[in-house]
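What follows is the residue order along each chain.
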Amino acid sequence: MKHRWTEAAQPKPLKLLCGSLAAAVTLIFAPVHAASPGDPLAAAGRWEGATNGSASTPPMGWSSWNAFRTEIDEAKVLGAAQTLVDTGLAKLGYRQVNIDDGWWVKRRTGDGRLQIRTGIFPSAATGGPDETSFKPFTDKIHAMGLKAGIYTDIGRNACSQAYDLHSPNLPTGTTAEREVGLEGFVTQDINLYFKEWGFDYIKIDACGLADFLPGSDLVKKQNYRAQEPLIERGSINRTDIKAVRERYEEVAAALQAARPGNDYVLSICAWGMANVRSWGKDVGNLWRTSADITPSWTSMLHNFDSAAKRALYAGPGHWNDPDILHIGHGEFDVANPVEVRSHFSLWAMINAPLLVSYDLRNGPASFLEVIGNPDVVALNQDKAGHQGVITYDSDDAQIIVKTLGNGERKAVALFNRGASPAPVTLLAGHLKLSDSAPVTLRDLWSKKSTTFTGEKEIVLAPHETLVFEATGKRQLENGVYLSEIPGSINVAVDGTRQPQLDPTVHRMIDPWSSTRSGGSRPQYAGWGGAQADTTPYGQSLQVAGQVFESGIGVLSNSRLQVKNDAGYAELTASVGVDDSTENTRQPVRFYVYGDGKLLAESAPLAFGAKAPRLKANIRGVKVVELVVRGTKSDDALPVVATWGDAQLTRAAGAGI
Ligand code: GAL
């Protein structure tokens, strides 16, 4: 959603000298920290990150989709559930058992009640030919100490009705009877799923808004009701972002009403489209960031990339979702143990949901060793919820660092994306640890420990990911860099104007169209969103020639919120226009608020001005807000702005 400046926030012209440019510049600024109504940059004074639903750590469990597509049945699902219990996976946290597409037979004429396909879910045949219920099924799942998940679509029709036309488990009947999605039935269906049938989790797909186009062969041949697309898969500009968001908000409200105790999980499955990467966190508990994963290495890269650079948008209760794990199939089968570990390690590091999806009843022991690795699971489930940050980035190798707890420990993954061995030099500095003190690395796969000081050379095998827990002397002994604690940050306004597609996502050969299409051009907006340790466009942070290894990169007209649960006393940051900005003409101004009160502000800073150090006393403050204001003009490009070395420290005056 775009936020526009309002009349109330009208700027005032002023003249001043700017840093090393030392030139008189006529600047136009919004009034200083005026909390004008409707001004999205006005400090809220309270945490605005979503608190609904219950996914304080990333969901874990099993989903039927990659294992069986629509060809599910009760024996397969309960078999998976039983295996979770018998193998001890449930105790490790794998408690979610999710039925995906394929369970329904029709929507009953008259009262609109959904009917379950009792041929495949026999326990659902609870009373006469027309009366079906999942309650016996969810009772069994709950009695096993597990949680049950269901699947639907936000439109009228589901994805299988467009893409799995051969399926034996498609809804049947008249056009209306086959409209099994939520459209027109939100409250009724949500109440049915959550109040009557007792589900705990819902995944809501979006094909109904994208694929049933007027005049299309699909609609004609299958006799569906046509739907003007709200999501145009090939064009973010022709997608009605607001309408899509409102559809999901309506469901979120119905869920709240059905489960006021917050004991539900809402999974948004809009494949990264409709700019969900910016609003998913405010509406649901997890949101897909890309198209469906297929069991190939390059698809895994593609899906990983769609979520990996969005660390600041995830945190406890809201998670980037690069899709269900594809362990067990294709290039992640039992003959590819290196790829299996990599896939799992990467999902764990970026706080992706750990939903496995192979036939658990017949899985090999080697998979259990991977998905049951308690150390890797523990880093994914770390309560602080800090998604790993890519601290070294290339198309060949990446280094991802994840803060555990308040930073006493780190996890680090060294990831070889390529098919040749990759030499990697891990620096203590990558971990934000001192390079003059020993760093201990514990390999979470081999369980062996090593120690190094300064740096360590490691050669990664093709496609290998090594994961270590790292301990050493912190660079910041009495505090944390903000980029170490993405899970404590809420990007309230990110300053992006028009959603732009992310060019850094790996472009695989499209699994569905091969090379027949115009090439795999991901439609995932999000380019320009706030970043940890880089600019919004992936450049290193630098102001007037001063490089910052740590910091937060934003655009002008942005507002971040930082939770100060750990009770830090001071926030400091070196602020300025980043040297990489394309808009070098317009100055910006930085503000720090504590619980809504202005604590510190910069002078207007132009491109080339040295970065002043802002200090704010945040003792007793619960929510710190970091605002960058630029000029109002909608025609100008946003300015790239840097909160360099932004940090929270315990004692005022203490620092790096
Ligand atoms: C897709 C979704 C998959 C699966 C499938 C069911 O849109 O991304 O994860 O749910 O629909 O038909």
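Each remark here, short or long, concerns the structure printed above.
Residues numbered from 1 in each chain as written. Predicted model: local features only at pLDDT ≥ 70, side-chain atom pairs only at ≥ 80, totals over all residues. Heavy atoms only, no water.

### Considering the sheet that holds strand β16 (residues 397-404)
Here is step 1: The six strands lie next to each other as β15-β16-β17-β22-β19-β20, forming an open sheet whose pairing is antiparallel. Each edge of the sheet is formed by a strand with only one pairing partner; in this case those strands are β15 (389-392) and β20 (449-453). On average, each strand axis in the sheet is inclined to that of its neighbour by 30 degrees, with strand direction left out of account.
Here is step 2: Judged from the three bridges that link them, β15 and β16 form a sheet pairing that is antiparallel. Its bridge partner lying in β16, Tyr392 is registered against Ile399.
Here is step 3: In the packing of helix α10 (residues 297-308) onto the sheet, the strands contacted are β15, β16 and β17 (409-416), and the crossing angle to β17 comes to about 140 degrees. (Pairing = 2+ DSSP bridges. Helix = DSSP H or I, 4+ residues; strand = E, 2+ residues; numbered from the N terminus. Axes fitted to C-alpha atoms, helices over the stretch in contact; angles between N-to-C directions. Contact = heavy atoms within 4.5 Å.)

### Here we look at the nonpolar core
Here is step 1: Trp103 and Phe344 are the most contacted members of the largest nonpolar core, which totals 113 residues.
Here is step 2: Of all the elements, helix α8 (residues 241-258) adds the most residues to this core, at nine residues.
Here is step 3: Formed by 35 residues, the second largest nonpolar core is a distinct cluster that contains Val480, Ile485, Val554 and Val639. (Core = buried A, V, L, I, M, F, W, Y, C linked by side-chain atoms within 4.5 Å. Buried < 20%, exposed > 50% of the residue type's maximum accessible area, 1.4 Å probe, protein only.)

### What to know about the state of the cysteines
Here is step 1: Inspection of the entire model under this criterion finds one disulfide.
Here is step 2: Put simply, Cys159 and Cys207 are joined by a disulfide, and their sulfur atoms are 2.0 Å apart. With the S-S dihedral at roughly 95 degrees, the linkage between Cys159 and Cys207 falls on the right-handed side. In this pair, Cys159 sits in the loop between β9 (147-153) and α5 (160-163) while Cys207 sits in the loop between β10 (201-205) and α7 (217-222), placing the two residues 48 residues apart along the sequence.
Here is step 3: Accessibility expressed as a relative area gives 11% for Cys159, which makes it buried.
Here is step 4: Among the residues examined, Cys207 registers a relative accessible area of 1% and is labelled buried.
Here is step 5: Considering cysteine sulfurs only, Cys159 is the nearest to Cys269, which forms no disulfide, with 6.5 Å between them. (Disulfide = S-S within 2.5 Å.)

### Brief notes about α8
Here is step 1: An ideal rise of 1.5 Å per residue puts 26 Å on 18 residues; α8 measures up with 26 Å between its terminal C-alpha atoms.
Here is step 2: Buried residues of α8: Ile241, Ala243, Val244, Arg245, Arg247, Tyr248, Val251, Ala252, Ala254, Leu255 and Ala258, and no others.
Here is step 3: The secondary structure elements touched by the buried residues of α8 are α6 (186-196), β10, β11 (265-269) and α9 (276-283). (Expected span 1.5 Å × (residues − 1).)

### Brief notes about the packing of aromatic side chains
Here is step 1: Counted according to the given criterion, the structure contains 21 aromatic pairs.
Here is step 2: Their ring planes at 80 degrees and their centres at 5.1 Å tell us that Phe212 and Tyr224 sit as a pair that is edge-to-face. Highlighted residues: Phe212 in the loop between β10 and α7 and Tyr224 in the loop between α7 and α8, separated in sequence by 12 residues.
Here is step 3: Judged by its relative accessible area of 7%, Tyr224 falls in the buried class. (Phe/Tyr/Trp six-rings, centres within 6.5 Å; stacked < 30°, edge-to-face > 60°.)

### Observations regarding the sheet that holds strand β13 (residues 319-321)
Here is step 1: Reading across the sheet, the eight strands line up as β13-β12-β11-β10-β9-β4-β3-β14 and stay open at both edges, with parallel pairing between neighbours. Two strands in the sheet have a free side with no partner beyond their single neighbour: β13 and β14 (354-356). For this sheet, the mean inter-axis angle between neighbouring strands, taken without regard to orientation, is 25 degrees.
Here is step 2: With five bridges connecting them, β9 and β10 associate as parallel partners. Counted as the bridge partner of Asp153 is Asp205 from β10.
Here is step 3: Across the face of the sheet, α6 comes into contact with β9 and β10 while running at roughly 150 degrees to β10.

### A short note on the packing of α6 against α8
Here is step 1: Remark: α6 packs on α8, axes separated minimally by 9 Å, with the N-to-C direction vectors making an angle of 45 degrees. By the angle between their axes, α6 is oblique relative to α8. In this structure, α6 crosses over α8, and the sense of that crossing is right-handed. Where α6 approaches α8, its residues Val186, Thr187, Ile190, Asn191, Phe194 and Lys195 are matched on the opposing element by Glu250, Val251, Ala254, Leu255 and Ala258. (Parallel < 35°, antiparallel > 145°, perpendicular 65-115°, else oblique. Left-handed = near helix turned anticlockwise from the far one by under 90°.)

### Notes on the side chain of Asp164
Here is step 1: Structurally, Asp164 can be placed in the loop between α5 and α6.
Here is step 2: Of the polar contacts made by the side chain of Asp164, one reaches the side chain of Arg69; its length is 3.0 Å.
Here is step 3: Discounting residues that sit within four places of it in the chain, Asp164 has contacts with Trp65, Arg69, Thr70, Cys159 and Leu170. (Polar contact = N/O pair within 3.5 Å; in protein donor to acceptor, adjacent residues only side chain to side chain.)

### Looking at the pattern of salt bridges
Here is step 1: Following the criterion strictly, the structure yields 36 salt bridges and no others.
Here is step 2: The partner of Arg629 in a salt bridge is Asp39, and the shortest N-O contact between them spans 2.7 Å. Here Asp39 lies in the loop between β2 (24-29) and β3 (60-63) and Arg629 lies in strand β34 (residues 623-629), a separation of 590 residues in the sequence. Asp39 matches Arg629 in its accessibility class, with the two residues each being buried.
Here is step 3: Ionic contacts of the salt-bridge type, sharing partners, join the residues Arg108, Asp111, Arg113, Glu131 and Glu196 into one network. (Salt bridge = Lys/Arg side-chain N within 4 Å of Asp/Glu carboxyl O.)

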